[in-house]
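Spelled out from the first residue to the last, the chains are:
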Amino acid sequence: MPPNAESSSATNFMFVQEGWTIEYWKMIDIRKARRLYLRKEKPERRFSLRNFRWVLLFFLSMCFFSSFLKNPTVSISRIVVSTSKPSRALFEDATLFNSSAVHLPQSRRDLSLFGGMKVYVYDLPAKYNSAWLSDERCGRHLFAAEVAIHLALMKSDVRTLDPWKANFFFVPVYVSCNFSKVNGFPAIGHARSLIGAAVRDIADQFPFWNRSGGADHVFVASHDFGSCFHTMEDEAMADGVPEFLKNSIILQTFGVKYEHPCQAVEHIVIPPYISPESVSATMENSPISGNRDIFAFFRGKMEVHPKNVSGRFYGRQVRTMIWRRYSGDRRFYLRRQRFSGYQSEIARSIFCLCPLGWAPWSPRLVESVVLGCVPVIIADGIQLPFPSAVPWPKISLTVAERDVSKIGDILQHVAATNVTVIQRNLRHTAAAASALLFNVPMVKGDATWQVLVGLQERLHRSHETAFIQ
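Residues numbered from 1 in each chain as written. Predicted model: local features only at pLDDT ≥ 70, side-chain atom pairs only at ≥ 80, totals over all residues. Heavy atoms only, no water.

**Student:** Describe the pattern of salt bridges, listing the residues and the values that go with them.
**Tutor:** Tallied over the entire structure, the rule returns 13 salt bridges. Here Glu266 ties to Arg458 by a salt bridge, and the two come within 2.7 Å at their closest N and O atoms. Taken together, the residues Glu266 in strand β7 (residues 266–269) and Arg458 in the loop between α16 (447–456) and α17 (465–468) connect sequence positions 192 residues apart. Take Glu266: its relative accessible area is 28%, and that puts it in the partly exposed class. Relative accessible area serves as the criterion here: at 16%, Arg458 is assigned to the buried category. When the shortest N-O distance is used, the salt bridge between Arg461 and Glu266 registers 3.9 Å. Of the two residues, Arg461 sits in the loop between α16 and α17 while Glu266 sits in strand β7, which places them 195 residues apart along the sequence. Through salt bridges with shared partners, a single network forms among Glu266, Arg458 and Arg461. (Salt bridge = Lys/Arg side-chain N within 4 Å of Asp/Glu carboxyl O. Helix = DSSP H or I, 4+ residues; strand = E, 2+ residues; numbered from the N terminus. Buried < 20%, exposed > 50% of the residue type's maximum accessible area, 1.4 Å probe, protein only.)

Structure representation (structure tokens):
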């Protein structure tokens, strides 16, 4: 029942809101009054709604921008990659980005190459590598694989400029370019200290060495006894592999099939360096399909009276025995003097003797295969490079050191039976020759390529295997 006009304030009901007075006795519907109230409030609500729309738009923009940053075709490095040394703090803060670093979009070919594996090449001060190239011998002598691999990786699609995406880290230190002024041979007495200094530098400037303990770091040891860094086996064995390298991967020319202190480390056996340009020049002047008028060939050091050096004899006297037994044999073309054009002699030969020197490996192994001469390996227990790419049993002969005095009869028998099969295998296995040469830039199937195949097989050592997956 509606109240009278004279009723109390309770009966004379007044609805007051924001200056609006509505008397119940005027019979204005409450719903109309609420509409009037809302109309009064509307400007404020429109303002808050407009703010909400701006906030929503800003939030959606940020989501879109963040998804753009995660796009795999755009690479933004978390570090500065330059020739100068960055601070350690820069690497310890994984949230930092470098807008000046240049990264090209990865092509499908890049992503499929070696399963997407990536190698970061440390940019070390010149004292560790490029400064040694002032001596032109540094890049072309038989230990120059350390230079060739470095240069090939620098130009390879496998290389990454972003170390956070790397599976392996290559440490380019040239230890074989310190040539002796006495005999002209590389002197490697400084090798341990030089590599040790490089390791300290990268451990101080980068977090990656300490992160894996060096397990995903790669070094080259392309001299006599590899990672022992010594030219004499007894001293090399006594010193062993430096403690700071025992957890790393070593690319080394030394390899044997039995236990040895100088391969007590994760390693890949690589061939010695032979210049691809020199081989090409030889093949132009002396085609390997030409007439082979030399039955058995060897040119190199053969001591008539071997010297006893710390209880050891050069080549375990195998070369001396060859000289004494066959120097007068007309089937054997043996020379002790150096000759710059000796590769042309290999191209003319049917069999090329590859006896051990101080170490079991020899550059003649490479030169024989690429120039079509059947390598005769005389080095007990030698581990030959890249057996998955080079079918050594089909393209070479192995003679035990104790049987070197019978080598004439052995070769004569092979010549009368299956030498043509071996020669055909050599001619038809171009991939084998390619696998033993280091090209710059890298060529599919060549020696650097085989090194990367070996690293791919060791991806379990990489801290970043999740990147491949």
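**Student:** So, unusual backbone geometry: which residues are in play, and what are the values?
**Tutor:** In most cases, non-glycine residues show a negative phi, while peptide bonds are predominantly trans. For the bond running from Val440 to Pro441, omega is 0°, close enough to zero to count as cis. Here Pro441 is to be found in the loop between α15 (430–434) and α16. The backbone of Phe229 sits at a positive phi, close to 55°, despite the residue not being glycine. Tracing the backbone shows Phe229 in the loop between β5 (217–221) and α7 (233–239). In the Ramachandran plot, Gln317 falls in the positive-phi region, its phi being about 65° despite a non-glycine side chain. Positionally, Gln317 belongs in the loop between β10 (312–313) and α9 (318–326). Overall, the relative accessible area of 28% leaves Gln317 in the partly exposed class.

**Student:** Please set out the side chain of Asn129 residue by residue, giving values where relevant.
**Tutor:** Take Asn129: it is sitting in the loop between β3 (119–121) and α4 (145–154). A distance of 2.8 Å separates a polar atom in the side chain of Asn129 from the backbone oxygen of Pro172. Those residues in contact with Asn129 that sit more than four places away from it in its chain are Leu124, His150, Pro172 and Tyr174. (Polar contact = N/O pair within 3.5 Å; in protein donor to acceptor, adjacent residues only side chain to side chain. Contact = heavy atoms within 4.5 Å.)

**Student:** Before we move on, could you go through the environment of Tyr128 and cite the residues and values that matter?
**Tutor:** Structurally, Tyr128 is set in the loop between β3 and α4. Here the alpha-carbon distance between Tyr128 and Pro172, two residues 44 residues apart in the chain, equals 7.3 Å. With near-sequence residues (within four places) excluded, Tyr128 lies in contact with Pro172, Val173, Tyr174, Leu194, Ala197, Ala198 and Asp201.

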